[in-house]
Amino acid sequence: MINLLGIFIRSFGISFLSEDMNGCLIPWYNSMKIGGVTALKEQIGDYNTLYQTIIALMTYFNIDCIVLYKVLSILFDYIMAISIALFVSKVTKNKVLGIQFNIIYGAVLLLPIVVLNSSYWGQCNSIYSTFLVLTLFFMYDKKYAYAFVMLGLGFAFKLQMIFILPFIVCYYLCSRKFSMIYIGISIITFWFSGIIAFINGRNLLAPFIIYSKQTTSYESMYLNFPNFWVLLGDDYNDLKRFAIIFTVALLGMGLYIILSKKIEMDSCEVYVSIAVGSIWTCLMFLPAIHERYSYPLDVLLLILGCLNRKYLKFAIISIMLSIITYGHYLFATEGSLQYCAVVYVLMYMKYIGMLLNNDTKAQEGEI
């Protein structure tokens, strides 16, 4: 029943055309339609080779490209919902397909930002976020080879997968349960995702070159995202280097505190809460952050809320702020980004304060 409801709700957004769909996705499809997979020999758009390959394969179907784009993202809405429900059910030792599983599955599937991102916006955040969740799941389950394959696949779809890297380094230094040689699996997976493009004449270093160019695509400290820089200023040229150094310093301080306190991550609550803190720090202080980059943060906060009710307030407020920024971009709704930023910064500080005070207990509660 929940599956049908999810499809029904999403059906209303299929015909909606966002600026990204009109200005990027449809023109990319039209450019590739001329040559199909042979068009992969040249860079079209700014997405990496795996997503370009999918677009090229779409051109062989006699179906409206808008529908194809959105169906792909919607498919991953369901995969992500299943992955999150499995993750929480396993760590809380609840029955798969039981009551808790179905509640979490339904909550993720019907989450407004999940519905809006795929069926209205036509974006692919559910795709890389699925791989991010699976990376954390397999790593916690000590299936490290699978975890790093998922990490590589996530990178193949979105550069923003990089937000999880500081946590992986932290987890490695705290646990020493796996070898960092495993990162080679991610690099190989990431590179191999471009194999069809390589066969059609693309530069073998294309996946890396594409992302190096993406880092200079948006010269703004924030893009419709209520982080710290909304309060300080949008002078990209003067602030970008400071922002990056400041973010790295904060992450380094967090790592030092975790190591000095010898915080164990055997509890899934502690494990996920530190991952959330790491990602949130990147979103809060790095330059050129878009509103949709908070997508994985929102779903991870929802996971935390399933593990312990005290995190629900963070999940609810973060998701509400994401809805506001989505509404501003998609439907030109009114709203002050400055007020949203004040709330977001205060909420971040409250959350980090909980981590610093070691207010994450090993006991895990259920909804």
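Residues numbered from 1 in each chain as written. Predicted model: local features only at pLDDT ≥ 70, side-chain atom pairs only at ≥ 80, totals over all residues. Heavy atoms only, no water.

Caption draft 1: Representation of the overall build of the chain within the structure. When helices and strands are counted, the chain shows 18 helices and two strands. For the chain, the spread of C-alpha atoms along the principal axes amounts to about 60 × 50 × 45 Å. A burial count over the chain gives 55% of its 367 residues as buried. Taking as baseline every contact in the chain between residues at least 6 positions apart, the subset at least 24 positions apart corresponds to 75%. Carbon and sulfur atoms make up 68% of the accessible area of the chain, which totals about 16100 Å². Taken together, the 24 basic and 20 acidic charged side chains of the chain have centroids lying 9 Å from each other. (Helix = DSSP H or I, 4+ residues; strand = E, 2+ residues; numbered from the N terminus. Buried < 20%, exposed > 50% of the residue type's maximum accessible area, 1.4 Å probe, protein only. Contact = heavy atoms within 4.5 Å. Areas by Shrake-Rupley, 256 points an atom, 1.4 Å probe, with all protein chains shown as cover. Lys, Arg positive; Asp, Glu negative; His and termini not counted. Charge placed at Lys NZ, Arg CZ, Asp CG, Glu CD.)

Caption draft 2: Highlighting a nonpolar patch on the surface. Where nonpolar side chains cluster on the molecular surface, the patch consists of Leu 5, Phe 8, Ile 9 and Phe 12 and spans about 380 Å² of accessible area. Mapping Ile 9 onto the fold places it in helix H1 (residues 2–11). Ile 9 gets classed as partly exposed once you look at its relative accessible area, which sits at 31%. (Patch = residues over 30% accessible without salt bridge, like charges linked within 9 Å, V, L, I, M, F, W, Y side chains within 5 Å. Salt bridge = Lys/Arg side-chain N within 4 Å of Asp/Glu carboxyl O.)

Caption draft 3: Summary view of the environment of Val 343. Examined against the element boundaries, Val 343 turns out to sit in helix H18 (residues 337–356). Overall, Val 343 belongs to the partly exposed group, its relative accessible area being 38%. In this structure the C-alpha to C-alpha distance between Val 343 and Ile 317, which are 26 residues apart in sequence, comes to 8.6 Å. Apart from the residues within four sequence positions on either side, Val 343 is in contact with Ile 317 and Leu 321.

Caption draft 4: Structural context of unusual backbone geometry. You will see that Arg 176, though not glycine, has its phi angle at about 50°, which is positive. Take Arg 176: it is sitting in the loop between helix H9 (165–175) and helix H10 (183–192). Accessibility expressed as a relative area gives 54% for Arg 176, which makes it exposed. You will see that Ala 332, though not glycine, has its phi angle at about 55°, which is positive.

Caption draft 5: Region of interest: the pattern of salt bridges. Counted by the stated rule, this structure contains seven salt bridges. Among the salt bridges present, the one from Asp 77 reaches Arg 10, with a minimum N-O distance of 2.9 Å. You can see Asp 77 sitting in helix H4 (residues 65–91) and its partner Arg 10 sitting in helix H1, a full 67 residues away along the chain. The burial state of Asp 77 is the same as that of Arg 10; both residues are buried.

Caption draft 6: Highlighting helix H5 (residues 99–109). Gln 100, Phe 101, Ile 104, Tyr 105, Gly 106, Val 108 and Leu 109 are the residues of H5 that are buried. Where the residues of H5 are buried, they touch H1, H4, helix H6 (112–120) and helix H16 (295–307).

Caption draft 7: Just the nonpolar core, in detail. Membership of the largest hydrophobic core comes to 132 residues, with the highest contact counts inside it found for Tyr 51, Tyr 69, Phe 87, Tyr 271, Trp 280 and Tyr 351. The element contributing the most residues to this core is H4, with 15 residues. (Core = buried A, V, L, I, M, F, W, Y, C linked by side-chain atoms within 4.5 Å.)

Caption draft 8: Spotlight on the side chain of Ser 186. On the secondary structure map, Ser 186 appears in helix H10. Ser 186 sits in the buried class, given a relative accessible area of 5%.

Caption draft 9: Layout of the confidence of the model for the chain. Per-chain confidence: the chain averages 94 in pLDDT, with 97% of residues scoring 70 or above. Predicted confidence for residues 359–367 stays below pLDDT 50, and this span has 33 contacts to residues more than four positions away or in other chains. (pLDDT = per-residue confidence, 0-100.)

Caption draft 10: Representation of the packing of H10 against helix H12 (residues 206–214) in the model. For the pair H10 and H12, interaxial distance at closest approach is 8 Å and the crossing angle is 95°. For the element pair H10 / H12, the angle class is roughly perpendicular. Facing H10, whose interface residues are Ile 187, Phe 190 and Trp 191, H12 presents Pro 207, Phe 208 and Tyr 211. (Axes fitted to C-alpha atoms, helices over the stretch in contact; angles between N-to-C directions. Parallel < 35°, antiparallel > 145°, perpendicular 65-115°, else oblique.)

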